[in-house]
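Close look at the chain arrangement
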Amino acid sequence: MDLPDYAIEAKGLVKTYAATKTTPEMRALRGVDLAIPRGSIFGLLGPNGAGKSTFINILAGLCKKTSGTVSIWGRDIDERPRDARAAIGVVPQEIAADPFFTPRESLEVAAGMYAVPPSERRTMELLTALGLGDKANAYVRQLSGGMKRRLMVAKAMVHNPPVLILDEPTAGVDVELRRQLWNYVLELNRKGVTIVLTTHYLEEAQELCDQIAIINRGQVVACEPTTTLLRRMDTRKVLVTPEQPMTAAPALAGFETHLLPSGGFSVTYRTGQSSVEQVLAAIRKTGVHIKDISTEDPDLEDVFVSLTYAAPEAAEI
Ligand code: ADP
(Lines give C-alpha, C1' and ligand atoms only; values in the text may rest on other atoms or scores of the structure.)
Protein backbone atom coordinates (compact mmCIF):
# COMPACT_ATOMS: atom_id res chain seq x y z
CA MET A 1 0.00 0.00 0.00
CA ASP A 2 1.16 3.51 -0.76
CA LEU A 3 2.15 5.48 2.28
CA PRO A 4 -0.25 8.31 3.13
CA ASP A 5 0.85 11.92 2.65
CA TYR A 6 -0.53 12.75 6.05
CA ALA A 7 0.00 10.78 9.21
CA ILE A 8 -3.11 12.39 10.65
CA GLU A 9 -5.82 14.32 8.88
CA ALA A 10 -8.75 15.97 10.64
CA LYS A 11 -11.51 17.84 8.82
CA GLY A 12 -14.16 19.96 10.48
CA LEU A 13 -13.61 18.20 13.77
CA VAL A 14 -16.11 19.23 16.43
CA LYS A 15 -16.39 18.03 20.01
CA THR A 16 -19.13 19.21 22.31
CA TYR A 17 -19.12 17.94 25.87
CA ALA A 18 -22.73 17.67 27.05
CA ALA A 19 -23.92 19.86 29.89
CA THR A 20 -24.05 18.31 33.34
CA LYS A 21 -25.94 19.46 36.42
CA THR A 22 -23.02 21.64 37.38
CA THR A 23 -21.37 22.54 34.05
CA PRO A 24 -22.78 24.07 30.87
CA GLU A 25 -22.32 22.51 27.44
CA MET A 26 -18.71 22.93 26.31
CA ARG A 27 -17.61 23.13 22.68
CA ALA A 28 -14.02 22.01 23.11
CA LEU A 29 -13.29 21.69 19.36
CA ARG A 30 -15.01 24.04 16.96
CA GLY A 31 -14.18 22.73 13.51
CA VAL A 32 -10.54 21.73 13.54
CA ASP A 33 -8.84 21.17 10.18
CA LEU A 34 -5.38 19.75 10.58
CA ALA A 35 -3.10 17.80 8.26
CA ILE A 36 0.00 16.42 9.91
CA PRO A 37 2.59 15.45 7.27
CA ARG A 38 4.05 11.96 7.39
CA GLY A 39 7.56 11.97 8.81
CA SER A 40 7.30 15.30 10.57
CA ILE A 41 7.81 16.32 14.16
CA PHE A 42 4.65 18.27 14.61
CA GLY A 43 3.92 20.54 17.55
CA LEU A 44 0.40 21.13 18.77
CA LEU A 45 0.59 24.23 20.88
CA GLY A 46 -1.99 26.06 22.86
CA PRO A 47 -2.84 27.41 26.27
CA ASN A 48 -4.58 25.27 28.88
CA GLY A 49 -8.13 24.50 27.89
CA ALA A 50 -7.43 25.04 24.17
CA GLY A 51 -8.63 21.56 23.23
CA LYS A 52 -5.31 19.72 22.76
CA SER A 53 -6.14 16.78 25.02
CA THR A 54 -9.60 16.49 23.54
CA PHE A 55 -8.03 16.20 20.08
CA ILE A 56 -5.54 13.58 21.25
CA ASN A 57 -8.22 11.63 23.11
CA ILE A 58 -10.32 11.46 19.95
CA LEU A 59 -7.30 10.09 18.05
CA ALA A 60 -6.66 7.57 20.79
CA GLY A 61 -10.29 6.43 20.76
CA LEU A 62 -10.83 7.60 24.33
CA CYS A 63 -13.30 10.31 23.46
CA LYS A 64 -16.07 10.32 20.85
CA LYS A 65 -16.11 13.18 18.39
CA THR A 66 -19.35 15.05 17.79
CA SER A 67 -18.82 15.58 14.06
CA GLY A 68 -16.14 15.89 11.39
CA THR A 69 -13.75 13.26 10.08
CA VAL A 70 -10.37 12.00 11.24
CA SER A 71 -8.01 9.56 9.65
CA ILE A 72 -4.83 8.16 11.09
CA TRP A 73 -2.31 6.80 8.61
CA GLY A 74 -5.03 6.98 5.95
CA ARG A 75 -7.49 4.96 8.05
CA ASP A 76 -10.78 6.63 8.92
CA ILE A 77 -11.46 6.31 12.66
CA ASP A 78 -15.16 5.60 12.05
CA GLU A 79 -14.71 3.13 9.24
CA ARG A 80 -11.58 1.34 10.49
CA PRO A 81 -11.29 2.16 14.19
CA ARG A 82 -8.99 -0.74 15.05
CA ASP A 83 -6.61 -0.16 12.15
CA ALA A 84 -6.56 3.54 12.89
CA ARG A 85 -5.73 2.95 16.54
CA ALA A 86 -3.03 0.42 15.68
CA ALA A 87 -1.23 3.17 13.78
CA ILE A 88 -0.65 5.38 16.82
CA GLY A 89 1.03 5.12 20.16
CA VAL A 90 -0.01 7.68 22.73
CA VAL A 91 2.12 8.70 25.68
CA PRO A 92 -0.42 10.18 28.09
CA GLN A 93 0.09 13.18 30.31
CA GLU A 94 -0.40 11.23 33.48
CA ILE A 95 1.99 8.52 34.53
CA ALA A 96 -0.16 5.42 34.79
CA ALA A 97 2.32 2.67 35.52
CA ASP A 98 1.23 -0.41 37.39
CA PRO A 99 3.33 -0.52 40.57
CA PHE A 100 3.26 -4.31 40.77
CA PHE A 101 4.77 -5.01 37.36
CA THR A 102 8.39 -4.82 36.38
CA PRO A 103 9.11 -2.71 33.27
CA ARG A 104 9.63 -5.93 31.31
CA GLU A 105 6.23 -7.29 32.41
CA SER A 106 4.60 -3.95 31.80
CA LEU A 107 5.74 -3.97 28.16
CA GLU A 108 4.76 -7.60 27.70
CA VAL A 109 1.24 -6.84 28.95
CA ALA A 110 0.99 -3.80 26.67
CA ALA A 111 2.20 -5.88 23.70
CA GLY A 112 -0.39 -8.51 24.56
CA MET A 113 -3.14 -5.89 24.50
CA TYR A 114 -2.10 -4.96 20.96
CA ALA A 115 -1.95 -8.67 20.07
CA VAL A 116 1.73 -8.47 19.14
CA PRO A 117 2.93 -12.09 18.77
CA PRO A 118 5.74 -12.99 21.22
CA SER A 119 8.20 -13.53 18.35
CA GLU A 120 7.71 -9.92 17.24
CA ARG A 121 8.01 -8.31 20.64
CA ARG A 122 10.93 -5.98 21.20
CA THR A 123 10.74 -5.63 24.95
CA MET A 124 14.46 -5.51 25.73
CA GLU A 125 15.28 -3.44 22.67
CA LEU A 126 12.77 -0.80 23.73
CA LEU A 127 13.88 -0.79 27.35
CA THR A 128 17.52 -0.46 26.34
CA ALA A 129 16.76 2.34 23.87
CA LEU A 130 15.09 4.28 26.67
CA GLY A 131 17.90 3.73 29.13
CA LEU A 132 15.91 1.24 31.19
CA GLY A 133 17.80 -1.92 30.23
CA ASP A 134 19.19 -2.40 33.72
CA LYS A 135 15.77 -1.76 35.26
CA ALA A 136 13.97 -4.44 33.24
CA ASN A 137 13.27 -6.52 36.34
CA ALA A 138 12.89 -3.76 38.93
CA TYR A 139 9.50 -2.93 40.38
CA VAL A 140 7.97 0.07 38.73
CA ARG A 141 7.47 1.71 42.10
CA GLN A 142 11.26 1.74 42.48
CA LEU A 143 11.69 3.86 39.35
CA SER A 144 12.14 7.62 39.41
CA GLY A 145 9.55 9.89 37.80
CA GLY A 146 11.69 10.34 34.70
CA MET A 147 12.20 6.60 34.34
CA LYS A 148 8.47 6.02 34.64
CA ARG A 149 7.86 8.53 31.92
CA ARG A 150 10.35 6.80 29.63
CA LEU A 151 8.59 3.55 30.39
CA MET A 152 5.36 5.18 29.20
CA VAL A 153 7.09 5.99 25.89
CA ALA A 154 8.25 2.39 25.59
CA LYS A 155 4.71 1.16 26.28
CA ALA A 156 3.33 3.42 23.56
CA MET A 157 5.80 1.89 21.07
CA VAL A 158 5.24 -1.84 21.72
CA HIS A 159 3.16 -2.30 18.56
CA ASN A 160 5.66 -0.35 16.47
CA PRO A 161 3.19 2.35 15.39
CA PRO A 162 4.19 4.76 12.59
CA VAL A 163 2.85 7.71 14.62
CA LEU A 164 3.82 8.56 18.19
CA ILE A 165 1.88 11.14 20.17
CA LEU A 166 3.40 12.71 23.23
CA ASP A 167 0.97 14.68 25.38
CA GLU A 168 2.87 17.28 27.42
CA PRO A 169 5.80 14.88 27.72
CA THR A 170 8.25 16.93 29.72
CA ALA A 171 6.04 18.26 32.50
CA GLY A 172 7.98 17.51 35.66
CA VAL A 173 10.95 15.96 33.84
CA ASP A 174 14.38 17.35 34.65
CA VAL A 175 16.70 18.73 32.00
CA GLU A 176 18.95 15.69 31.75
CA LEU A 177 16.07 13.25 31.34
CA ARG A 178 14.35 15.56 28.92
CA ARG A 179 17.48 15.40 26.72
CA GLN A 180 17.47 11.61 26.83
CA LEU A 181 13.81 11.51 25.97
CA TRP A 182 14.30 13.87 23.05
CA ASN A 183 17.28 11.93 21.76
CA TYR A 184 15.16 8.83 21.60
CA VAL A 185 12.24 10.67 20.02
CA LEU A 186 14.55 12.21 17.42
CA GLU A 187 16.01 8.80 16.66
CA LEU A 188 12.53 7.37 16.16
CA ASN A 189 11.77 10.24 13.84
CA ARG A 190 14.94 9.55 11.83
CA LYS A 191 13.67 6.02 11.42
CA GLY A 192 10.48 7.42 9.91
CA VAL A 193 8.11 7.68 12.88
CA THR A 194 5.89 10.77 12.74
CA ILE A 195 5.94 12.55 16.08
CA VAL A 196 3.11 14.70 17.40
CA LEU A 197 3.92 16.66 20.49
CA THR A 198 1.51 18.74 22.54
CA THR A 199 2.96 21.35 24.77
CA HIS A 200 2.40 24.80 26.10
CA TYR A 201 6.14 25.41 26.15
CA LEU A 202 6.91 27.37 23.06
CA GLU A 203 10.63 26.83 23.41
CA GLU A 204 10.23 23.11 23.35
CA ALA A 205 8.16 23.20 20.17
CA GLN A 206 10.50 25.73 18.62
CA GLU A 207 13.52 23.55 19.28
CA LEU A 208 12.09 20.24 18.12
CA CYS A 209 9.24 20.67 15.71
CA ASP A 210 9.46 21.29 12.01
CA GLN A 211 5.86 22.38 11.88
CA ILE A 212 3.66 23.96 14.52
CA ALA A 213 -0.09 24.31 14.81
CA ILE A 214 -1.43 26.71 17.37
CA ILE A 215 -4.81 25.89 18.77
CA ASN A 216 -6.88 28.24 20.86
CA ARG A 217 -10.43 27.86 22.10
CA GLY A 218 -10.95 24.80 19.98
CA GLN A 219 -9.73 26.30 16.72
CA VAL A 220 -6.49 26.18 14.80
CA VAL A 221 -5.26 29.78 14.64
CA ALA A 222 -1.97 29.05 12.84
CA CYS A 223 -0.35 26.06 11.19
CA GLU A 224 3.01 26.69 9.63
CA PRO A 225 6.56 25.47 9.34
CA THR A 226 8.39 26.58 12.49
CA THR A 227 10.72 28.82 10.48
CA THR A 228 7.78 30.70 8.94
CA LEU A 229 6.23 31.15 12.34
CA LEU A 230 9.49 32.48 13.69
CA ARG A 231 9.70 34.95 10.82
CA ARG A 232 6.56 36.52 12.17
CA MET A 233 8.75 37.65 14.99
CA ASP A 234 9.40 40.91 13.22
CA THR A 235 7.21 42.43 15.90
CA ARG A 236 8.53 44.86 18.47
CA LYS A 237 6.94 46.18 21.58
CA VAL A 238 7.02 49.72 22.90
CA LEU A 239 6.37 50.00 26.61
CA VAL A 240 4.88 53.35 27.50
CA THR A 241 4.76 54.98 30.92
CA PRO A 242 2.21 57.82 30.79
CA GLU A 243 2.31 60.87 33.06
CA GLN A 244 -0.91 59.60 34.69
CA PRO A 245 -1.40 55.86 35.30
CA MET A 246 -4.20 54.52 33.08
CA THR A 247 -7.02 52.08 33.74
CA ALA A 248 -7.35 50.98 30.12
CA ALA A 249 -4.90 50.86 27.25
CA PRO A 250 -5.72 53.45 24.57
CA ALA A 251 -6.98 52.12 21.24
CA LEU A 252 -4.47 52.98 18.53
CA ALA A 253 -5.47 52.48 14.92
CA GLY A 254 -3.35 49.73 13.36
CA PHE A 255 -1.59 48.70 16.58
CA GLU A 256 -2.31 46.22 19.31
CA THR A 257 -2.23 47.70 22.81
CA HIS A 258 -2.30 46.14 26.25
CA LEU A 259 -2.57 47.66 29.69
CA LEU A 260 0.38 46.89 31.97
CA PRO A 261 0.00 46.29 35.72
CA SER A 262 1.99 49.48 36.34
CA GLY A 263 -0.72 51.62 34.74
CA GLY A 264 1.33 51.96 31.57
CA PHE A 265 0.65 50.12 28.34
CA SER A 266 2.43 48.24 25.59
CA VAL A 267 2.09 48.80 21.87
CA THR A 268 3.05 46.04 19.45
CA TYR A 269 4.13 46.94 15.93
CA ARG A 270 5.69 45.23 12.93
CA THR A 271 9.15 46.46 12.08
CA GLY A 272 8.49 45.86 8.38
CA GLN A 273 5.35 47.98 8.45
CA SER A 274 5.74 50.76 10.98
CA SER A 275 8.31 52.54 13.10
CA VAL A 276 8.58 53.72 16.70
CA GLU A 277 8.01 57.21 15.32
CA GLN A 278 4.61 56.18 13.95
CA VAL A 279 3.71 54.51 17.25
CA LEU A 280 4.57 57.70 19.15
CA ALA A 281 2.61 59.83 16.72
CA ALA A 282 -0.44 57.59 17.18
CA ILE A 283 -0.14 57.85 20.98
CA ARG A 284 0.18 61.64 20.86
CA LYS A 285 -3.02 61.84 18.80
CA THR A 286 -4.91 60.27 21.68
CA GLY A 287 -3.78 63.05 24.01
CA VAL A 288 -1.83 60.73 26.31
CA HIS A 289 1.24 62.43 27.79
CA ILE A 290 4.27 60.18 27.70
CA LYS A 291 6.60 60.16 30.70
CA ASP A 292 8.92 57.43 29.49
CA ILE A 293 9.22 54.75 26.83
CA SER A 294 11.30 51.63 26.34
CA THR A 295 11.30 48.92 23.69
CA GLU A 296 11.29 45.18 24.07
CA ASP A 297 12.26 42.40 21.69
CA PRO A 298 9.56 39.83 21.16
CA ASP A 299 9.73 36.11 21.65
CA LEU A 300 7.56 33.35 20.34
CA GLU A 301 5.26 34.03 23.29
CA ASP A 302 4.37 37.37 21.70
CA VAL A 303 3.62 35.77 18.37
CA PHE A 304 1.49 33.27 20.21
CA VAL A 305 -0.36 35.93 22.17
CA SER A 306 -1.06 38.03 19.10
CA LEU A 307 -2.31 35.00 17.17
CA THR A 308 -4.53 33.77 19.94
CA TYR A 309 -5.61 37.32 20.71
CA ALA A 310 -7.05 37.65 17.20
CA ALA A 311 -9.23 34.59 17.63
CA PRO A 312 -11.88 35.19 20.33
CA GLU A 313 -14.65 36.60 18.16
CA ALA A 314 -14.33 33.85 15.61
CA ALA A 315 -14.33 31.34 18.43
CA GLU A 316 -17.70 32.31 19.89
CA ILE A 317 -20.41 29.75 19.35
P1 ADP B 1 -6.05 21.33 26.73
O2 ADP B 1 -5.61 19.90 26.63
O3 ADP B 1 -5.63 22.17 25.57
O4 ADP B 1 -5.71 21.95 28.03
P5 ADP B 1 -8.73 20.18 26.90
O6 ADP B 1 -8.96 19.42 25.64
O7 ADP B 1 -8.36 19.40 28.11
O8 ADP B 1 -7.66 21.34 26.63
O9 ADP B 1 -10.04 21.00 27.24
C10 ADP B 1 -10.74 21.80 26.31
C11 ADP B 1 -12.02 22.32 26.96
O12 ADP B 1 -12.93 21.23 27.16
C13 ADP B 1 -11.78 22.92 28.33
O14 ADP B 1 -12.65 24.04 28.48
C15 ADP B 1 -12.16 21.83 29.29
O16 ADP B 1 -12.64 22.36 30.48
C17 ADP B 1 -13.26 21.10 28.53
N18 ADP B 1 -13.29 19.67 28.86
C19 ADP B 1 -12.28 18.79 28.75
N20 ADP B 1 -12.66 17.54 29.10
C21 ADP B 1 -13.98 17.65 29.44
C22 ADP B 1 -14.97 16.72 29.89
N23 ADP B 1 -14.69 15.42 30.05
N24 ADP B 1 -16.22 17.18 30.16
C25 ADP B 1 -16.51 18.49 29.98
N26 ADP B 1 -15.64 19.42 29.55
C27 ADP B 1 -14.39 19.01 29.29
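Residues numbered from 1 in each chain as written. Predicted model: local features only at pLDDT ≥ 70, side-chain atom pairs only at ≥ 80, totals over all residues. Heavy atoms only, no water.

Per an unreviewed UniProt entry, the recorded name for the protein chain is ABC transporter ATP-binding protein, and the organism is Phenylobacterium hankyongense.

1. Observations concerning the overall build of the protein chain
In terms of helices and strands, the protein chain carries 11 helices and 14 strands. For the protein chain, the proportion of its 317 residues judged to be buried stands at 45%. Across the protein chain, every contact between residues at least 6 apart in sequence was considered, and the portion connecting residues at least 24 apart equals 67%. Entry remark: accessible area of the protein chain is about 16,200 Å², with carbon and sulfur atoms responsible for 50%. With 35 positive and 38 negative side-chain charges, the protein chain shows a spacing of 4 Å between the two charge centroids. (Helix = DSSP H or I, 4+ residues; strand = E, 2+ residues; numbered from the N terminus. Buried < 20%, exposed > 50% of the residue type's maximum accessible area, 1.4 Å probe, protein only. Contact = heavy atoms within 4.5 Å. Areas by Shrake-Rupley, 256 points an atom, 1.4 Å probe, with all protein chains shown as cover. Lys, Arg positive; Asp, Glu negative; His and termini not counted. Charge placed at Lys NZ, Arg CZ, Asp CG, Glu CD.)

2. Overview of the domain arrangement of the protein chain
Per the domain assignment, the segments making up the protein chain are domain 1 (6–87 + 161–230) and domain 2 (235–297). Domain 1 and domain 2 are separated by 36 Å when their C-alpha centres are compared. (Domains from an automatic or database assignment.)

3. Some words on the packing of aromatic side chains
Inspection of every chain in the model, using the stated rule, returns zero aromatic pairs. Directly above the aromatic system of Tyr 139 lies the positively charged group of Arg 141, at a separation of 5.0 Å from the ring centroid. (Phe/Tyr/Trp six-rings, centres within 6.5 Å; stacked < 30°, edge-to-face > 60°. Lys NZ or Arg CZ within 6 Å of the ring centre and 35° of its normal.)

4. A look at the confidence of the model for the protein chain
Per-chain confidence: the protein chain averages 88 in pLDDT, with 91% of residues scoring 70 or above. Considering only residues more than four positions removed or in separate chains, one finds that residues 311–317, a stretch of pLDDT under 50, has 11 contacts. (pLDDT = per-residue confidence, 0-100.)

5. Considerations on unusual backbone geometry
Trans is the prevailing form of peptide bonds, just as negative phi is the prevailing case for residues other than glycine. Positive phi values are uncommon outside glycine, yet Trp 73 reaches one of about 55°. Structurally, the position occupied by Trp 73 is in the loop between β4 (67–72) and β5 (75–76). The phi angle at Asn 160 is positive, at roughly 55°, despite the residue not being glycine. Along the chain, Asn 160 falls in the loop between α5 (145–156) and β7 (163–167). By relative accessible area, Asn 160 is classed as partly exposed at 49%.

6. Looking at the environment of Thr 194
When you line up the elements, Thr 194 lands in strand β8 (residues 194–199). When residues no more than four places from it in sequence are discounted, the contact partners of Thr 194 are Ala 7, Ile 36, Pro 37, Arg 38, Gly 39, Ser 40, Trp 73, Pro 162, Val 163, Leu 164 and Asn 189.

7. Some details on the pattern of salt bridges
As enumerated under the stated definition, the model contains eight salt bridges in all. Notably, a salt bridge pairs Arg 80 with Asp 83, separated by 3.1 Å at the nearest N-O pair. For Arg 80, a relative accessible area of 36% puts it in the partly exposed group. For Asp 83, a relative accessible area of 34% corresponds to the partly exposed category. (Salt bridge = Lys/Arg side-chain N within 4 Å of Asp/Glu carboxyl O.)

8. A word on the sheet that holds strand β11 (residues 235–242)
An order of β12-β13-β11-β14 is seen for the four strands of this open sheet, with the pairing classed as antiparallel. Two strands lie at the open edges of the sheet, namely β12 (256–259) and β14 (290–296), each paired on one side alone. Each neighbouring strand pair of the sheet contributes to a mean axis angle of 25°, computed without reference to strand direction. Where β12 meets strand β13 (residues 265–270), four bridges bridge the pair, whose relative direction is antiparallel. Residue pairing in the sheet places His 258 in a bridge with Ser 266 of β13. Packing of helix α9 (residues 276–285) onto the sheet brings it into contact with β11, β13 and β14, and relative to β13 it is tilted by some 135°. (Pairing = 2+ DSSP bridges. Axes fitted to C-alpha atoms, helices over the stretch in contact; angles between N-to-C directions.)

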